[in-house]
2 protein chains.
Amino acid sequence: MNKGYTTEEYVSLVNTALEKAAESFGDNVVAEAMKYSLENGGKRIRPILTLEFCRLCGGSAEDALPFACAVEMIHTYSLIHDDLPCMDDDDMRRGKPSCHIRFKENFALLAGDALLTHAFSSVLSCDFAKREPLRTIKALSLLAEGAGNMGMIAGQVTDLQSEGKEISSDTLEMMDKLKTGALIRASAGMGVVVAGGSDEQLEKAQLYASKLGHAFQVVDDILDVIGDEESLGKPIGSDAASGKSTYVSLLGLEMSRIYAGKLTDEALSALEFFGEESEYLKQLSQKLLSRRK
Amino acid sequence: MNKGYTTEEYVSLVNTALEKAAESFGDNVVAEAMKYSLENGGKRIRPILTLEFCRLCGGSAEDALPFACAVEMIHTYSLIHDDLPCMDDDDMRRGKPSCHIRFKENFALLAGDALLTHAFSSVLSCDFAKREPLRTIKALSLLAEGAGNMGMIAGQVTDLQSEGKEISSDTLEMMDKLKTGALIRASAGMGVVVAGGSDEQLEKAQLYASKLGHAFQVVDDILDVIGDEESLGKPIGSDAASGKSTYVSLLGLEMSRIYAGKLTDEALSALEFFGEESEYLKQLSQKLLSRRK
């Protein structure tokens with residue numbers, strides 16, 4: 001078993017690898033836009049899942065890094081396109097002007113397209129792909145399926161179609177499983193595949209990732225309401241401003257808390273399969289799901 | 001050497017394979033939009049190049065078909081995104097409402113994203129990928145590089161940046177080489193790689209494809225002017241309506257004709273390397289480059 005990393009070490013590994021990958025983006029305005037959005041990073045949860053599941057299954061961080069970067073590129077492209085005027089029309093992303101505000105809509109569109117394309121080309125040209133072509137194909141296949149119209153994009157479609165409508169909690173659950181869950185699932189799965197893990201390891205890693213992603217979404221909804229309540233005195237359960245149904249608007253605050261707890265337990269229980277070495281992911285999950293903002 | 005096909009047979013092979021591929025697009029509005037744009041097909045030149053170069057290098061059409069479909073999906077996604085209001089803002093595509101007019105802008109954006117993603121997932125999950133993973137990785141790598149920000153997207157960027165400006169013929173040439181040439185080059189290259197062809201075969205196929213793509217663009221510019229002249233009486237060499245420089249506006253009609261002839265000769269000369277079996281491509285090239293519209 002390779003040595004474990006701290007979250008700070010993982011984030012630093014990923015950021016350094018992304019900077020290196022960015023050297024082959026070219027040198028035009030779209031390359032600049034790609035880097036801008038990629039650098040305006042979040043928690044890098046997806047790449048960390050790829051790296052850590054690779055480690056848990058006996059693989060090295062070096063082998064998993066190109067896949068970890070690829071999933072972050074795809075996540076970033078999806079945010080750029082989600083922010084566009086014809087989608088959510090968001091001017092800000094993580095406290096900075098969103099890509100189309102900073103670079104104009106046409107170049108933001110192309111930056112998203114180019115990040116999606118580069119996710120594949122960077123993995124396809126890495127050393128590991130030549131050494132382990134079958135694992136590379138299987139891992140990229142998980143990524144492409146998670147990102148495609150049976151995965152993430154299907155979730156975005158349901159999201160767009162349910163705007164301004166009251167939806168059922170089943171629909172909301174299905175939507176979240178696809179929109180955010182599919183890529184998180186692929187992140188974990190790729191780590192197992194790169195390491196040459198077993199089918200059972202793959203299944204457990206994906207189960208964990210599904211539950212984690214789902215729990216994360218419920219907690220997000222809870223924090224949105226608590227934040228709003230504290231700052232605006234908005235009635236709990238109403239999300240009229242965005243016109244979108246949330247777990248809190250559908251289940252109420254108390255039931256949402258219970259639901260988040262249940263999903264967290266299920267995620268942790270899937271981790272048990274990986275034994276003591278899964279302590280890092282256990283703690284990461286608990287930290288993510290008990291966050292205050 | 002596998003038997004040759006006629007253009008009609010190739011188009012029919014490709015269309016049947018695309019219809020089959022569309023079965024795994026899902027069943028939402030984006031899947032419908034993907035099929036709509038894919039079915040509104042052009043000449044299928046790119047997939048034909050993949051199939052025919054595979055044959056010329058001793059491979060089978062069956063092996064090359066997933067790659068041929070992938071390049072057509074990528075070509076189609078690029079047209080959908082090119083037509084969007086923030087890009088060329090074209091309401092019509094090949095005599096039908098463009099994707100965003102028919103399905104709304106948000107779903108057209110996602111249909112483009114999904115086609116690009118599906119191009120990779122469909123190849124990654126095909127039988128050939130399991131049987132010949134190294135060839136698959138090399139071929140997909142050519143595709144991703146041709147489609148990315150060092151290829152097609154870089155050409156789109158230069159195109160956007162040169163709108164309303166007088167550009168040099170060198171810039172125009174570089175732009176065309178990237179915007180349309182990079183994907184045509186990848187199409188031919190993939191055929192060679194799938195068949196397990198030599199480096200020299202790959203080089204000659206890509207040289208041919210570059211020259212063909214370039215000649216095609218010059219002929220397109222000539223036909224635009226001749227068509228305009230016949231129907232509108234617009235002065236030759238002016239393309240003021242679109243504000244874009246063309247070979248005719250930069251070189252004049254007569255020089256453009258000479259240039260197209262020179263490029264065609266260079267394309268045909270690269271084909272000679274493949275001997276008598278390249279007769280089909282020779283005729284196809286001549287037909288494409290002497291077309292009246």
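Computed from a predicted structure; not experimentally measured.

Definitions and limits used
- Residues numbered from 1 in each chain as written.
- Chains lettered and ligands numbered in written order.
- Predicted model: local features only at pLDDT ≥ 70, side-chain atom pairs only at ≥ 80, totals over all residues.
- Heavy atoms only, no water.
- Helix = DSSP H or I, 4+ residues; strand = E, 2+ residues; numbered from the N terminus.
- Rg over C-alpha atoms; globule rule 2.2 N^0.38 Å.
- Buried < 20%, exposed > 50% of the residue type's maximum accessible area, 1.4 Å probe, protein only.
- Contact = heavy atoms within 4.5 Å.
- Areas by Shrake-Rupley, 256 points an atom, 1.4 Å probe, with all protein chains shown as cover.
- Lys, Arg positive; Asp, Glu negative; His and termini not counted.
- Charge placed at Lys NZ, Arg CZ, Asp CG, Glu CD.
- Buried area = accessible area lost by both parts, 1.4 Å probe.
- Salt bridge = Lys/Arg side-chain N within 4 Å of Asp/Glu carboxyl O.
- Polar contact = N/O pair within 3.5 Å; in protein donor to acceptor, adjacent residues only side chain to side chain.
- Nonpolar A, V, L, I, M, F, W, Y, C, P; charged D, E, K, R; others polar.
- Core = buried A, V, L, I, M, F, W, Y, C linked by side-chain atoms within 4.5 Å.
- Expected span 1.5 Å × (residues − 1).
- Least-squares fit on C-alpha atoms with pLDDT ≥ 70 in both.
- Axes fitted to C-alpha atoms, helices over the stretch in contact; angles between N-to-C directions.
- Parallel < 35°, antiparallel > 145°, perpendicular 65-115°, else oblique.
- Left-handed = near helix turned anticlockwise from the far one by under 90°.
- pLDDT = per-residue confidence, 0-100.

1. Some details on the overall build of chain A
Right, so step 1: A count of helices and strands for chain A gives 14 helices and 2 strands.
Right, so step 2: Compactness check: chain A gives a C-alpha radius of gyration of 19 Å against a globular reference of 19 Å for 293 residues, within 12% of the reference.
Right, so step 3: Along the longest, intermediate and shortest principal axes, the C-alpha atoms of chain A span 55 × 50 × 30 Å.
Right, so step 4: In chain A, buried positions account for 59% of the 293 residues.
Right, so step 5: Counted over contacts in chain A with a minimum sequence separation of 6, partners at least 24 positions apart contribute 75%.
Right, so step 6: Of the roughly 12,000 Å² of accessible surface on chain A, a fraction of 49% belongs to carbon and sulfur atoms.
Right, so step 7: With 31 positive and 45 negative side-chain charges, chain A shows a separation of 2 Å between the mean positions of the two kinds.

2. Brief notes about the interface of chain B and chain A
Right, so step 1: Counting residues at the interface gives 46 residues for chain B and 46 residues for chain A.
Right, so step 2: Taking both sides of the interface into account, the surface hidden between chain B and chain A amounts to around 3,600 Å²; carbon and sulfur atoms contribute 75%.
Right, so step 3: At the boundary of chain B and chain A, one finds 0 salt bridges.
Right, so step 4: Along the contact surface separating chain B from chain A lie 6 residue pairs in polar contact (both at pLDDT 80 or more).
Right, so step 5: Sorting the residues of the side of chain B that touches chain A by element identifies α2 (29–39), α4 (61–83), α6 (105–124), α7 (127–131), α8 (133–147) and α9 (152–161) of chain B as the ones contributing at least two each.
Right, so step 6: Sorting elements by how many residues they give to the side of chain B that touches chain A places α6 of chain B first, with 12 residues.
Right, so step 7: Of the residues that constitute the side of chain B that touches chain A, the class distribution is 28 nonpolar, 14 polar and 4 charged.

3. A word on the nonpolar core
Within soluble globular proteins, side chains that are nonpolar generally end up buried alongside one another.
Right, so step 1: The biggest cluster of nonpolar side chains holds 210 residues, and the ones touching the most others in it are F53 and I74 of chain A together with F53 and I74 of chain B.
Right, so step 2: Not counting chain neighbours up to four residues away, the residues in contact with I74 of chain A comprise L116, A119, F120, L143, A147, M152 and L183 of chain A.

4. Points about α8 of chain B
All names here are of chain B.
Right, so step 1: Between its first and last C-alpha, α8 extends 21 Å over 15 residues, near the 21 Å set by a 1.5 Å rise per residue.
Right, so step 2: Judged by how many residues are buried, α8 sits mostly within the fold: 11 of 15 residues are covered.
Right, so step 3: Those residues of α8 lying buried are P133, T136, I137, A139, L140, S141, L142, L143, A144, G146 and A147.

5. Overview of the relation of the copies chain B and chain A
Right, so step 1: Between chain B and chain A, which share one sequence, the superposing operator has a rotation angle of 180 degrees and an axial displacement of 0.0 Å; the RMSD is 0.0 Å. What the rotation and shift describe, once combined, is the action of a two-fold rotation axis. Among all residues of chain B, the one whose C-alpha sits closest to the rotation axis is P133 of chain B, at a distance of 2.7 Å.
Right, so step 2: The share of interface residues of chain B whose copies in chain A are also at the interface is 100%, consistent with both copies meeting through the same surface.

6. Quick look at the packing of α4 of chain B against α9 of chain B
All names here are of chain B.
Right, so step 1: Contact geometry for α4 and α9: axes closest at 12 Å, N-to-C directions at 20 degrees. In terms of axis orientation, α4 runs roughly parallel to α9. For the element pair α4 and α9, the recorded crossing hand is right-handed. Two secondary-structure elements touch here, α4 through I74, Y77, S78 and D82 and α9 through M152, I153 and Q156.
Right, so step 2: Residues that form the contact of α4 with α9 fall into these classes: 4 nonpolar, 2 polar and 1 charged.

7. Considerations on the confidence of the model for chain A
Residue and element names in this part refer to chain A.
Right, so step 1: Per-residue pLDDT for chain A averages 92, and the proportion of residues at 70 or more is 93%.
Right, so step 2: Predicted confidence for residues 232–241 stays below pLDDT 50, and this span has 13 contacts to residues more than four positions away or in other chains.
Right, so step 3: Both scores are given for the predicted complex: the pTM is 0.95, the ipTM 0.95.

8. Let's talk about the side chain of R55 of chain B
Right, so step 1: Mapped onto the secondary structure, R55 of chain B falls in helix α3 (residues 45–56).
Right, so step 2: Here the side chain of R55 of chain B touches E277 of chain B through a polar contact of 2.9 Å, side chain to side chain.

9. Structural notes on the packing of α4 of chain B against helix α10 (residues 169–194) of chain B
Residue and element names in this part refer to chain B.
Right, so step 1: Between α4 and α10, the least distance of the axes is 9 Å, while the angle of their chain directions is 170 degrees. Considering the angle they form, α4 stands roughly antiparallel to α10. Every residue of α10 that contacts α4 at D63, A64, F67, V71, I74, H75 and D82 is listed here: K179, L183, S187, M190 and V194.
Right, so step 2: For the contact of α4 with α10, the per-class residue count stands at 7 nonpolar, 2 polar and 3 charged.

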